[in-house]
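Reading the structure
Now for the letters of each chain:
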Amino acid sequence: MGDVLSTHLDDSRRQYISEKTGKILKDFFQFYEDQYGVALFNSMRYEIEGTGGPQAQLLWRKVPLDERVIFSGNLFQYLEDSKKWRNRFSLVPHNYGLVLYENKAAYERQIPPRAIINSAGYKILTSVDHYLELVSNSLPGPAPKSGAAPILKCPTQYPLILWHPYSRHYYFCVMTEPEQEKWLAVFQDCVRHCNNGIPEDSKVEGPAFTDAIRMYRQSKEQYGTWEMLCGNEVQILSNLVMEELGPELKSVISPRMKGKPQERQRQWIQISDAVYRMVYEQTQAHFEAVAAKCEMARPAMESAIRTDMDQIITSKEHLASKIRAFILPKAEVCVRNHVQPYIPSILEALMIPTSQGFTEVRDVFFKEVTDMNLNVINEGGIDKLGEYMEKLSQLAYHPVKMQSCYEKMDQLKLEGLQQRFDVSSASVFKQRAQIHMREQMDNAVYTFETLLHQELGKGPTKEELCKSIQRILERVLKKYDYDSSTVRKKFFREALLQITIPFLLKKLAPTCKSELPRFQELIFEDFARFILVENTYEEVVLQTVMKDIMQAVKEAAVQRKHNLYRDSMVMHNSDPNLHLLAEGVPIDWGEEYGGGPGETDLSAEKRRRAKQVVSVIHDEEAGLPYEPSPEALSPGAPPHPTSPDSVSELRGLLAQELQVDSPQSPAEPLTNGTSPRESPQPPEPESERRPGQAASPLHHAHREPAPITPGGEAVSPASPPRRPRPEAAADGDRPQPSDQETGEEVSGQGGRPYVQTTTEDSTGVQTEF
C-alpha cells in the first residue's frame, strides 16, 4: 500500500491536492459568510413574527436516551492488510458509531477498540456482485475478464459491505440469513442517523451551511438534489471537494496505474481513501476557522438587526416587489407548462409509501403496548412494570422492530420524474421520512410513559393498572394520528419544493439570472449583509409554485385513503397540563419500578443488558411470556402458543382478562392463546373513517409476529448455529473465517476512549478515517 501511495501521490501531487482543495473551500466559504448574515436575520425575524405551525399534541423527549447500546454481537471482518477474515466483537452505542473490538473480552476489559466507523455517506450492500459492479464502474478502463478472481471473496453467502464513493470500504459477513437481516437493519439505522449530521436545533449555522452548499453548486450549473449531502459539515464539505477533485485525479492517475484490472481497482480504492483523508483534515481546519470568525461577528450583527429590523424588512419587501414584477410572467408560464401538470403524480408517489410507513408505526406501537399490558396481567404485575417500560422506552431506537416501518419507504419510486426534475436519487426523501417515523414513534412512547407515570402515582391495583394502560394507549393514539398527519403534510410540501424549485431555477436561469445584478442597487449598503438579491429571487420563484403545492396537499387531505386531517381540523392544546408533566425529571423506570425485594441485587451484566436496545444474548433464566423454550423448538414438539397478531384478538383477550373474577393461581399462569375467545372482529378499514377521525385501536394490520419478551425485545440466539458451507464452493474459492488473534494495528489517534465514555461533540460522532 505504501508503494502505491508514494508512487501516485508524490509531493507535487499532494501539493496540487492541497491547493485545489484550498481554492474550492475559499469559494465555498464566501457563499457561507454571505448566507450566515441572511440566516441570522431570518432567525431573528421569525422569533419576533413567527407564529409557528399547528401545536404538537405529543410530547417530545428533551433529554435523549444516552448510555444505551443499540446492538452488539460478533461478525467477521475482512482485513485488507493480511487478506484474512477475523472475528470481531462489534458494538453500536447511542451515537451510532460502529465500534469494532478485538473480541468481547477486550470490550469488557475496556481495551481501546480497533476502529470506530462513522457511516455517513455509506451504502450497505448485501451482494458481492453488486459491490464489484460499483467498484468496476468507479474506475475507467477494461473490466475484469469473466472468471477472473475478484478483489473480494466472501466465505459465507451473507456479506455486509459498507461502500463509499471516496472513503475506504469495510467488509463483513455473518453465518446465517437471520443474522444478516438483523445486522442490515442495524447498519442502515447507523447510516440513517449519521447522514442526518447537521443538528436540527441549529437555527442559523445549519440553514446558512445548506443554503451555501446549494448556492455553490448552482454556481457550477449543478441543480437538483445532491445524494452526498450526508453527515456533519466537514464530511459534506469533503464530499463537495471530492466531487470536483476526484474526476481530475482519476483522469491523471488512472492511465499510469499498472497491473490486472483487479489490482488496479484495489490501488484506486487505496488512493481515493488517502486523498479523502487529506481533504478531510484540511477542510476541518478551514471550517473551524470560518465558524469561529462568524461566531465572533455575530453579536455586532445581532445588534444591527435589532436596531434596524423594520427598515431591513421594508427594504427587502421593496426589492422583492421589483424582482417579482420582472420575473413573474416568465415564472408563471414555466410553472403552468412544466410543473403544475406533474404535481399530483409526484405527490401520489410520495404519499402512498409514507402514509403506509406511519400507519405501520402506529400498529407497532399499539402491539408493543398491548403485549406489555398482557404481560402485566399474566406474569409480573406492577413489580415487573419497570422492566417492561424500560424496554418500551427504547422502541423507537430498536432497528429491527422499526424495520417494518422503514421498509415501507422502499416502495418510493420517482422513475420518470427523476430525469425531468433532475432528482439524482429518491434516498434523500426516503431517509427524511424514516427519520420522521422514528421521531413520531419516540414522541408517542414518551407521551405514554409520562401519562402512565402520572397514573402510577395514584397507587392502582393490577386490574386498575391494566385498564389505565388501555385508556392511556387510546388517548396517545388519537394524539399520534393528529401529529402524524401534520408531519406528513409538512414533509410532502417540503419534498415537492425540493423537487420543483431547482427545476424552475434551472429553466429560468438563461433569461433571468443575468439580469439580477442590476437589482443590487436597491439594497442599502448597511443592509447588504442581511439581504441578498439571489436569495430574494429564489423566494419569489418559490411563491409562484407554493400556491399550487398547498392546493395539491389540501386536496389530498380530503381523500380518505391517506388518513390525513383537513387543514380546517385544528386540535388546540386539549391537555394544558400534559406539557407541564414533561418539564419534570426524566423517568428512570429501572430505578423507580425495578422489581420486588428479591431483585434488588441485580448483576451488572443484567443491568447492562437492560440498557441494550437490541439483544443477541439469551438470559440464562426461565422462559419468558410468549417465548417458546428451546425444547418447544425441537422437531416433533407440540406447537407453542405465540403472541396473537390480530389487534382484535389482543383487545379481546385483554378484555377477558380484566373480566375474570378471581386471578389464576401462580401455578397456572394464563398464557396467550389458551383461553377461549370469541371470533376476532375484522379491523376497521381506513376508507370507512372520516379524514378527521382518529383511527380506532382496532385498526391494525395482520402480520406474523416474532417471539416477544416482556419488554417487547426481539429474541435471537447468542451464537447462531453455523450453516454448512455449500458443497458447490470449493475450498480455494471461499476462504475460511478465523477468530485467531491478529496483528492488525489499532487505528490512528492513539488509544481511543472506552465506548461507554465516548461522547458526541458538535460535529457528530467519532469518525474512523
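Chains are numbered independently. Their residues run from 1 in the order of the written sequence. Restriction of local features to residues with pLDDT of at least 70 applies here, the model being predicted, together with a cutoff of 80 or more for giving and counting side-chain atom pairs; totals for whole chains, interfaces and linings are based on all residues. Where side-chain values are given, they derive from all heavy atoms of the structure, hydrogens and water being excluded.

1. Structural notes on the sheet that holds strand β4 (residues 115-117)
What counts here: The criterion for strand pairing is that DSSP finds at least two bridges linking the strands in question. Strands here mean DSSP runs of E at least two residues long; helices mean DSSP runs of H or I at least four residues long; both are numbered from the N terminus. Axis lines are fitted to C-alpha atoms, over the contacting stretch for helices. Their N-to-C directions set the angle, which ranges from 0 to 180 degrees.
If you walk across this open sheet you meet the seven strands as β4-β3-β2-β1-β7-β6-β5, and the pairing is antiparallel. Edge strands, defined here as strands with exactly one partner in the open sheet, are β4 and β5 (123-125). Direction aside, the axes of adjacent strands within the sheet are offset by 35° on average. With three bridges connecting them, β5 and strand β6 (residues 158-163) associate as antiparallel partners. Residue pairing for β6: Lys123 is matched across the bridge by Trp163.

2. Observations concerning the side chain of Thr500
Rules: Contacts are assigned to residue pairs that have any heavy atoms within 4.5 Å of one another.
Turning to its location among the elements, Thr500 is positioned in helix α14 (residues 462-512). Discounting chain neighbours no more than four positions away, the residues touching Thr500 are Val339, Phe421, Val545 and Ile549.

3. Some points on the environment of Glu221
To be explicit about the condition: Here's how the labels work: a residue is buried when its accessible area is under 20% of the maximum for its type, exposed when over 50%, partly exposed in between, all with a 1.4 Å probe on protein chains only.
Counting through the fold element by element, Glu221 comes out in the loop between α6 (205-219) and α7 (233-253). Relative accessible area serves as the criterion here: at 56%, Glu221 is assigned to the exposed category.

4. Observations regarding the packing of aromatic side chains
The test is simple: Only Phe, Tyr and Trp rings take part, Trp by its six-membered ring, and two of them pair if their centres are within 6.5 Å. Stacked means planes under 30 degrees apart, edge-to-face means over 60, and tilted covers everything else.
Taken as a whole and assessed by the stated rule, the structure comprises 27 aromatic pairs. With a centroid separation of 5.9 Å and 80° between ring planes, the pair formed by Tyr342 and Phe421 is classed as edge-to-face. Pair noted here: Tyr342 is in the loop between α8 (261-339) and α9 (343-380) and Phe421 is in helix α12 (residues 418-421), with a separation of 79 residues, a long-range link. Ring geometry for Phe365 and Phe448: centres 6.2 Å apart, planes at 85°, overall edge-to-face.

5. Things to note about the pattern of salt bridges
Defined as follows: A side-chain nitrogen of Lys or Arg and a carboxyl oxygen of Asp or Glu constitute a salt bridge if their distance falls within 4 Å.
If you walk through the whole model with that rule in mind, you get 31 salt bridges. Of the charged contacts, one joins Glu248 and Lys20 as a salt bridge, the two residues approaching to 3.3 Å between their closest N and O atoms. Of the two residues, Glu248 is situated in helix α7 and Lys20 in helix α2 (residues 11-49); the sequence distance between them amounts to 228 residues. Residue Glu248 is classed as partly exposed on the basis of its relative accessible area, which comes to 27%. Close ionic contact of Glu102 with Arg88 constitutes a salt bridge, the shortest N to O distance being 3.5 Å.

6. A closer look at unusual backbone geometry
A positive phi angle, close to 60°, is found at Gln110, a residue other than glycine. Mapped onto the secondary structure, Gln110 falls in the loop between α3 (104-108) and β4.

7. Topic: the pairing of strand β7 (residues 170-174)
Where burial is concerned, most of β7 is hidden: five out of the five residues are buried. Of the two faces of β7, the one lined by Tyr170, Phe172 and Val174 and the one lined by Tyr171 and Cys173 are each fully buried. Of the strand pairs in this sheet, strand β1 (residues 69-79) and β7 are connected by two bridges, and their pairing is antiparallel. If you follow Phe76 over to β7, its bridge partner there is Cys173. Inspection of the sheet shows β6 paired to β7 by five bridges, in the antiparallel sense. When the bridges of β7 are listed, Tyr158 appears paired with Val174. In sequence, β6 turns back onto β7 through a hairpin of six residues.

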